[in-house]
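Topology and contacts: notes
Now for the letters of each chain:
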Amino acid sequence: MTIQSPVLVLNASYEPVSVCAARRAITLLVKGKARLEECHDACVWKDMRLPSVIRLSRYRKIPQRRHDATRRGVLARDQYTCQYCNAQSPAARLTIDHVVPRSRGGGDTWENLVACCAPCNRRKANRTPIEAGMALARPPRASQLHTTRQMMRSMGAEDPKWRKYLYF
Ligand SMILES: [Zn+2]
């Protein structure tokens, strides 16, 4: 548990909206922009406990914006499973494959990035799936709110305090 530990951020309505680092959560608490809902035993400053879950003081309208694709997001969306051979691996052993290689104009978008194990990535090399004769397990989709929820779940699996806000 450190100042970088993930903190679940709830809307004023108790809906989970995002995850931030404890450092950021503490700033929000100190400024009165959020309230502490759950905390760890460890103290960070004086008698302030390390936050685990905070809730925004004022309801925030969450725009349905698209988030940029991130390595962590793509791995979570694909459930840490190679999209070519279906083998599940720890995050550290997975790579991110550009379905259409970058050198061929493929972008860093949710639709063009998939989790891929190292052997499959080597085998596919600088080819499209069709050229390589490798089929995708399922078409990659953009991150939607449910993906964010899925990410929050996978990040919060370690912290039982998050559960009641994420599983309903
Ligand atoms: Zn594979």
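Residues numbered from 1 in each chain as written. Predicted model: local features only at pLDDT ≥ 70, side-chain atom pairs only at ≥ 80, totals over all residues. Heavy atoms only, no water.

1. Brief notes about the pairing of strand 6 (residues 113-117)
- The buried count for strand 6 comes to five of five residues, which makes it a mostly enclosed element.
- Of the two faces of strand 6, the one lined by L113, A115 and C117 and the one lined by V114 and C116 are each fully buried.
- The pairing of strand 5 (residues 94-98) with strand 6 spans five bridges and is classified as antiparallel. When the bridges of strand 6 are listed, L94 appears paired with C117. (Buried < 20%, exposed > 50% of the residue type's maximum accessible area, 1.4 Å probe, protein only. Helix = DSSP H or I, 4+ residues; strand = E, 2+ residues; numbered from the N terminus. Pairing = 2+ DSSP bridges.)

2. Regarding helix 1 (residues 22-30)
- Of the positions making up helix 1, those classed as buried are A22, A25, I26, L28 and L29. Relative to the axis of helix 1, the buried residues are bounded by an arc of 160° and lie together on one face.
- In the segment just after helix 1, G32 is the residue with positive phi, at about 75°. (Arc of directions from axis to C-beta.)

3. Structural notes on the coordination of the zinc ion
- Coordination of the zinc ion by the protein comes from C82 (SG), C85 (SG), C117 (SG) and C120 (SG), over a distance range of 2.3 Å.
- Each of the four donor atoms bound to the zinc ion contributes to angles spanning 102 to 115°, and the resulting shape is tetrahedral.
- Mapping the donors of the zinc ion onto the primary sequence yields the spacing C-x2-C-x31-C-x2-C. Highlighted residues: C85 in the loop between helix 2 (71-77) and strand 5 and C120 in helix 3 (residues 118-124), separated in sequence by 35 residues.
- Since its relative accessible area comes to 7%, C120 is described here as buried. (Donors = N, O, S within 2.8 Å, 3.2 Å for Na, K, Ca; no water. Tetrahedral: all angles 85-135°; square planar, octahedral: opposite > 155°, others 65-115°.)

4. Examining the confidence of the model for the chain
- Here the chain shows a mean pLDDT of 88. Residues at 70 or above account for 93%.
- Of all helices and strands in the chain, the one with the weakest mean pLDDT is helix 5 (residues 145-156) (71), whereas helix 3 scores best (97). (pLDDT = per-residue confidence, 0-100.)

5. Digging into a positive patch on the surface
- Taken together, the side chains of R24, K31, K33 and R60 define a basic patch exposed on the protein surface.
- When you line up the elements, R60 lands in the loop between strand 4 (48-56) and helix 2. (Patch = residues over 30% accessible without salt bridge, like charges linked within 9 Å, V, L, I, M, F, W, Y side chains within 5 Å. Areas by Shrake-Rupley, 256 points an atom, 1.4 Å probe, with all protein chains shown as cover. Salt bridge = Lys/Arg side-chain N within 4 Å of Asp/Glu carboxyl O. Lys, Arg positive; Asp, Glu negative; His and termini not counted. Charge placed at Lys NZ, Arg CZ, Asp CG, Glu CD.)

6. A short note on the domain arrangement of the chain
- In terms of domains, the chain is made up of domain 1 (6-64 + 154-165) and domain 2 (71-132).
- The C-alpha centroid of domain 2 is placed 32 Å from the C-alpha centroid of domain 1. (Domains from an automatic or database assignment.)

7. With respect to unusual backbone geometry
- Phi at N86 is positive, roughly 70°, even though this residue is not glycine.
- Here N86 shows up in the loop between helix 2 and strand 5.
- For A125, which is not a glycine, the phi torsion comes out positive at approximately 50°.
- Along the polypeptide, A125 turns up in the loop between helix 3 and helix 4 (129-132).

8. Examining the environment of R122
- For R122, the location among the structural elements is in helix 3.
- Sequence separation between R122 and D97 is 25 residues; the distance between their C-alpha atoms is 9.9 Å.

9. Quick word on the pairing of strand 4
- Of all nine residues making up strand 4, seven are buried, and the element is well covered by its neighbours.
- Counting the residues that bridge the hairpin from strand 3 (residues 34-45) to strand 4 gives two residues, and of these K46 lies at a positive phi of roughly 45°.

10. Some words on the sheet that holds strand 4
- Strands sit in the order 2-1-4-3 across an open sheet of four strands; the sheet is mixed. Edge strands, defined here as strands with exactly one partner in the open sheet, are strand 2 (16-21) and strand 3. Direction aside, neighbouring strands of the sheet carry axes that sit 25° apart on average.
- As paired elements, strand 1 (residues 6-10) and strand 4 share three bridges and run parallel to each other. (Axes fitted to C-alpha atoms, helices over the stretch in contact; angles between N-to-C directions.)

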